[in-house]
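# Summary of the model geometry
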Amino acid sequence: MTNRISHWIDGKPWAGVAQRTGEVFDPATGEVRARVDFAGAGQVAEAVAAASAAFPGWRDTSLAARTRIMFAFRELLAARKDDLARIVTSEHGKVLADAAGEVGRALENVEYACGAPQLLKGGYSENASRGVDVYSIAQPLGVVGVISPFNFPAMVPLWFVPNALAAGNTVVLKPSEKDPSAANFIAELFAEAGLPSGVLNVLHGDKVAVDGLLEHPDVKAISFVGSTPIARYVYEKGTGAGKRVQALGGAKNHMVVLPDADLDAAADAAVSAGFGSAGERCMAVSVVVAVDPIGDELVSKITDRMRALRVGDGRDPESEMGPLVTAAHRERVASYIDAGLAEGAELVVDGRDPGLDGGGFWLGPTLFDRVRPEMSVYTDEIFGPVLSVVRAEDYDAALALVNANHYGNGTAIFTGDGGAARRFQNEVEVGMVGVNVPIPVPVGYYSFGGWKDSLFGDSHAYGPEGFHFFTRRKVVTSRWPSAPSPQAGAASQSGV
Ligand code: NAD
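The structure presented is a predicted model; accordingly, all values stated were derived computationally and were not measured.

Each helix and strand in the protein chain was counted, giving 17 helices and 23 strands. By the compact-globule yardstick of 23 Å for 496 residues, the protein chain fits well, its C-alpha radius of gyration being 25 Å. When its C-alpha atoms are laid out on the principal axes, the protein chain stretches across 90 × 60 × 40 Å. Sequence-distant contacts in the protein chain: of pairs separated by 6 or more residues, those separated by 24 or more amount to 71%.

Printed below as a string of structure tokens:
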């Protein structure tokens, strides 16, 4: 019998019968490992009603109590991190080391949220005018929706959920329908940590669930992460309905390699950032920009390393790259290899037949050289193990290429020249920049976000901007009579 994965509403699994369900695969075998319930309008209403009902109590729960629950969750997550990593690998396919890395980055955000008492402090100005004090307070928004993509089923929900909860909001989380189990595991751990019922709910499904959250008047804000077309749609529809929205989209991340770079380090970085998690990372390097004259040498070093990469079941500790998430995604990614060849790019390593048995969604690491900006392998976010090398004649040409791209999530420069790196960080139109670091995902006490078509809205995710997103500020201007009141006088005389 196939396992069933269902919603988590009001502190327990949903007991109804779903009218629609989706298949959840084991990407390494191609087998259906479970079916996940898809929410209809009724379940959206149930989840939001549970979160709305829980809000007044949670908002008024003391900071000390809220923070203790966050610390307890942190301990449980740290203790169970391998279990969560195994769940991620079984539905996403990434190797266990990648899945464990994802949980580690998630933990950073939980730890940040444990600082809520400090983060929620307001300001106080005594005697702004004579006898008048002015102070600010930060309050939660109410029910917030978190909608996450398939590629980080544990980390992306935990970019948002801990901060939202610590700030006093209640949450409806709608994870990707492709790998839904991590979200339920997280909700159960929160319940074990003492989070009251209804404060965190998980709603599974597709566009119907997303639209339901975007249209529901009691949902005050939406944090979304996914592809650019859907991010734009969510941003426009959500803000049109008067909600606060941050919507993070897709990417095409360039790694610029200057001639003075350490080419071995650059090749290592290109391979780990290009093919880690099978390229299914929004911060994956998908374009290497080789600045003349080092192109041939760099391509040769990258090729050597790619040929040594071990592709296999993510549960096997020997594997360095797992399968793609679904058969449909594998076909889409493979179609770009055909397109690149047809458009005249030079196929240096062809991953279309990685030589693995079984029904897994396999695609080997693939490298194109002499890619030009008009080719679809360059223009489109492929989101798979296909790396393109573009040759640039000098630094200015490389910079112009990066800045002309409509995505602006992450980028990196590899160089031994501090002046060139400093110029790049100043001139590049991208939200997250690495200097000799290929995947510059900010630590949890900074904030994560791209520019241009990689983010809609003005708040980046997690860290200070994330906390800001989940609160609204109020400023109080107050005047009290300066003479002690009779009661205060009586109290001081009685020694209270
Ligand atoms: P996706 O856009 O297909 O799905 C994201 C979420 O939106 C899922 O929960 C999905 O159920 C929902 N959704 C899908 N189609 C919808 C529709 N028509 N209407 C409303 N909701 C819909 O993205 P994905 O394939 O799950 O994830 C990969 C994408 O996410 C890539 O483009 C990647 O770059 C991006 N991503 C971005 C970041 C970032 O921080 N910028 C991080 C991770 C992933």
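Text resumes after the structure shown.
Moving on, we get to the sheet that holds strand S5 (residues 31–38). Spatially, the three strands line up as an open sheet ordered S1-S5-S4, and their pairing is mixed. Two strands close off the open sheet at either side, each with one partner strand: strand S1 (3–5) and strand S4 (20–26). In this sheet, adjacent strand axes meet at a mean angle of 35° when their direction is disregarded. Note that S1 and S5 share three bridges and pair parallel. Bridge pairing in S5 links Ile5 to Val36.

Moving on to unusual backbone geometry. The residue after Asp292, namely Pro293, is reached through a cis peptide bond having omega 10°. Along the polypeptide, Pro293 turns up in the loop between strand S14 (285–291) and helix H11 (295–307). Phi at Arg370 is positive, roughly 55°, even though this residue is not glycine. Following the sequence through the fold, Arg370 ends up in the loop between strand S16 (366–369) and helix H13 (376–379). You will see that Tyr462, though not glycine, has its phi angle at about 45°, which is positive. The exposure class assigned to Tyr462 is buried, which follows from the 28 C-beta atoms found within 10 Å.

Moving on to the nonpolar core. Counting residues in hydrophobic clusters, the biggest one holds 150 residues, and the most contacted among them are Met255, Val257, Ala270 and Val289. Dropping the residues within four chain positions of it, Val257 is found in contact with Ala266, Val288, Val289, Ala290, Val291, Ile294, Leu298 and Phe414.

Here we take up the site of the ligand. Taken together, 27 residues lie around the ligand, and Pro149, Gly226, Ser227, Gly250 and Cys282 are the ones closest in. Considered class by class, the residues forming the shell around the ligand number twelve nonpolar, ten polar and five charged.

Under the UniProt annotation, "domain: Aldehyde dehydrogenase" (unreviewed entry) lies at residues 18–476. Span residues 18–476 is 41% helix and 22% strand, its end C-alpha atoms 48 Å apart.

Let us now look at the environment of Ala342. Position of Ala342 among the secondary structure elements: in helix H12 (residues 327–342). Taking the C-alpha atoms as reference points, Ala342 and Ile294, separated by 48 residues in sequence, lie 26 Å from one another.

With that settled, consider the confidence of the model for the protein chain. Summing up the model confidence of the protein chain, the mean pLDDT is 96 and the portion of residues at 70 or higher is 97%. Note on the complex model: pTM 0.97, ipTM 0.99.

We now examine the sheet that holds strand S13 (residues 253–257). Hydrogen bonds along the backbone pair up the strands of a sheet, which may run parallel or antiparallel. Pairing within the open sheet is mixed, and its seven strands lie in the order S15-S16-S17-S14-S13-S19-S20. At either end of the open sheet lies a strand with only one pairing partner, and these are strand S15 (346–349) and strand S20 (432–435). When the angles between neighbouring strand axes are averaged without regard to direction, this sheet yields 20°. The sheet contact formed by S16 and strand S17 (residues 386–392) spans three bridges and is parallel. Within S17, the residue paired with Phe368 across the bridge is Ser388.

Between helix H4 (residues 96–113) and helix H6 (residues 155–166), the shortest axis-to-axis distance is 8 Å and the interhelical angle comes to 10°. With respect to their mutual orientation, H4 and H6 come out roughly parallel. In contact with Glu102, Arg105, Ala106, Asn109, Val110 and Ala113 of H4, H6 contributes Met155, Leu158, Trp159, Pro162, Asn163 and Ala166. Looking at the contact of H4 with H6, its residues break down into eight nonpolar, two polar and two charged.

To continue, consider helix H14 (residues 395–404). Buried within H14 are the following residues: Tyr395, Ala398, Leu399 and Val402. All buried residues of H14 project into a common sector of 95° when viewed along the axis, lining one side. Away from the buried face of H14 by more than 90 degrees, exposed residues Asp396, Ala400 and Ala404 are located. Next to the buried residues of H14 lie S13, S14, S17, strand S19 (410–414) and helix H15 (418–427).

Analysis parameters
Residues numbered from 1 in each chain as written. Predicted model: local features only at pLDDT ≥ 70, side-chain atom pairs only at ≥ 80, totals over all residues. Helix = DSSP H or I, 4+ residues; strand = E, 2+ residues; numbered from the N terminus. Rg over C-alpha atoms; globule rule 2.2 N^0.38 Å. Contact = placed C-beta atoms within 7 Å. Pairing = 2+ DSSP bridges. Axes fitted to C-alpha atoms, helices over the stretch in contact; angles between N-to-C directions. Buried ≥ 20, exposed ≤ 12 C-beta atoms within 10 Å, placed from the backbone. Core = buried A, V, L, I, M, F, W, Y, C linked by C-beta atoms within 7 Å. Near = placed C-beta within 6 Å. Nonpolar A, V, L, I, M, F, W, Y, C, P; charged D, E, K, R; others polar. UniProt positions renumbered as here; feature names shortened; annotations may be inferred. pLDDT = per-residue confidence, 0-100. Parallel < 35°, antiparallel > 145°, perpendicular 65-115°, else oblique. Arc of directions from axis to C-beta.

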